Amino acid sequence: QTVTDVVLPGVGVTGLLVASPATVTFDDAFVGRPERRSVHLSNQGGAAVQITSFDFVPAASSPFVVEHPLPALPYTVAPQESFDLDVVFSPLSAGQFARTLAVRTDGEQDTTIEVIGNARVAPVAGVLDEATLDELPIEGVNFGDHTVGFPVSRTLRVLNLGPVSSLLTVTR
C-alpha cells in the first residue's frame, strides 16, 4: 500500500475584535454626577466573534459600568459588524480611578480598553436677593412682569457654598 502526502493550502480565518478608542478618559468629572463616553467595537476579522462578558479589572468597587445595546450575552458579532457601547463613570468620592475593561469572548479574540477617571467635588453656588436675602433658584432669576423700555434691576449676591473654588461667569 502506497502513502501519498497531499498538501492542502488554505488560510485560517479568525475574528478580530477592535475597540475605538482604546483608552477612555473622564477628565474632571464631579462626584455624584454620572458621565458617559462611547466606545465603538467592530469585528474586523473574517469569522464571527462571540462576546461572553464585559468585566472591569480590578472589579472591586469599580466606579465604572458598561451599558450596551446587545439583547443578551453571549452575543455573536458577525464579520464586519460593529456596535457602540457606553462606559459610564459614576464616582462616589473624589480621586483618580483606573480600570481595564475586558471584552471577553469564547475564543482568543478578547480585547481590552483602558478606562481612566478623575473625579472632584462639584462647586456649590447660592444666589440671594440682596434686598430680601431670600435664596433664589440657581437656574435663573425671574424679573417678573414689567413694561418694555423701562429697565428693571435687582441686586444679587452670589455665594460659594461648597468646599472648592468656583468660577463665576455672567452673561447677558
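Just above sits the structure.
Keep in mind the model is a prediction, meaning the values are calculated, not measured. (Residues numbered from 1 in each chain as written. Predicted model: local features only at pLDDT ≥ 70, side-chain atom pairs only at ≥ 80, totals over all residues. Heavy atoms only, no water.)

Topic: the pairing of strand β7 (residues 82–89)
Within a regular strand, side chains alternate between the sheet's two faces.
Logical step 1: In terms of burial, β7 is a largely internal element, six of the eight residues being buried.
Logical step 2: Strand direction decides the pairing type here: strand β3 (residues 35–43) and β7, joined by eight bridges, are antiparallel. Pairing of Ser38 across the sheet is with Asp86, part of β7.
Logical step 3: Sheet analysis places strand β5 (residues 64–67) next to β7, joined by four bridges and oriented antiparallel. Within β7, the residue paired with Val66 across the bridge is Val87. (Buried < 20%, exposed > 50% of the residue type's maximum accessible area, 1.4 Å probe, protein only. Helix = DSSP H or I, 4+ residues; strand = E, 2+ residues; numbered from the N terminus. Pairing = 2+ DSSP bridges.)

Section: unusual backbone geometry
Logical step 1: With an omega dihedral of -10°, the bond running from Val57 to Pro58 counts as a cis peptide bond.
Logical step 2: Residue position: Pro58 is located in the loop between β4 (49–57) and β5.
Logical step 3: Omega for the peptide link from Leu73 to Pro74 comes to 0°, which places this bond in the cis form.
Logical step 4: Position of Pro74 relative to the elements: it lies in the loop between β5 and β6 (75–77).
Logical step 5: Within the chain, Asp28 stands out as a residue other than glycine whose phi angle is a positive 50°.
Logical step 6: Considering the arrangement of structural elements, one finds Asp28 in strand β2 (residues 23–30).
Logical step 7: Judged by its relative accessible area of 42%, Asp28 falls in the partly exposed class.

Focus: the environment of Asn43
Logical step 1: By the element assignment, Asn43 lies in strand β3.
Logical step 2: Asn43 sits 115 residues away from Val158 along the chain, and the two C-alpha atoms are 53 Å apart.

Details of the pattern of salt bridges
Logical step 1: Scanning all chains against the criterion turns up five salt bridges.
Logical step 2: A salt bridge links Arg37 to Glu35, with the nearest nitrogen and oxygen atoms 3.2 Å apart.
Logical step 3: Note on Glu35: relative accessible area 23%, which makes it partly exposed.
Logical step 4: Residues Arg36 and Glu67 are paired through a salt bridge, measuring 2.7 Å at the closest nitrogen-oxygen approach. (Salt bridge = Lys/Arg side-chain N within 4 Å of Asp/Glu carboxyl O.)

A closer look at the side chain of Ser42
Logical step 1: Topologically, Ser42 is positioned in strand β3.
Logical step 2: A distance of 3.1 Å separates a polar atom in the side chain of Ser42 from a polar atom in the side chain of Gln44.
Logical step 3: Non-local contacts of Ser42, meaning those with residues more than four positions away in its chain, are made with Leu16, Leu17, Val18, Glu81 and Ser82. (Polar contact = N/O pair within 3.5 Å; in protein donor to acceptor, adjacent residues only side chain to side chain. Contact = heavy atoms within 4.5 Å.)

Re the packing of aromatic side chains
Logical step 1: Within this structure, the stated rule accounts for five aromatic pairs.
Logical step 2: Taking the centre distance of 6.1 Å and the plane angle of 35° together, the rings of Phe26 and Phe64 count as tilted. Note that Phe26 is positioned in strand β2 and Phe64 in strand β5, a separation of 38 residues in sequence. The pair formed by Phe26 and Phe64 is uniform in burial state, with each residue classed as buried.
Logical step 3: Relative to Phe89, the ring of Phe64 has its centre 4.9 Å away and its plane inclined at 20°; by these criteria the two rings are stacked. (Phe/Tyr/Trp six-rings, centres within 6.5 Å; stacked < 30°, edge-to-face > 60°.)

What to know about the sheet that holds β3
Logical step 1: What the four strands build is an open sheet, ordered β1-β3-β7-β5; its pairing is antiparallel. Lying at the two open borders of the sheet, with one neighbouring strand each, are β1 (17–20) and β5. Across the sheet, the axes of successive neighbouring strands diverge by a mean angle of 30°, strand direction being ignored. (Axes fitted to C-alpha atoms, helices over the stretch in contact; angles between N-to-C directions.)

Details of the sheet that holds strand β11 (residues 135–136)
Each strand in a sheet pairs with another by means of backbone hydrogen bonds, the pair being arranged parallel or else antiparallel.
Logical step 1: Taken together, the three strands give an open sheet; going across it, the order is β11-β10-β12, and neighbouring strands pair in antiparallel fashion. Only two strands of the sheet have a single partner each, and these edge strands are β11 and β12 (156–160).
Logical step 2: Pairing analysis gives five bridges linking strand β10 (residues 125–129) to β12, with the strands arranged antiparallel. Note that in β12 the partner of Asp129 across the bridge is Leu156.

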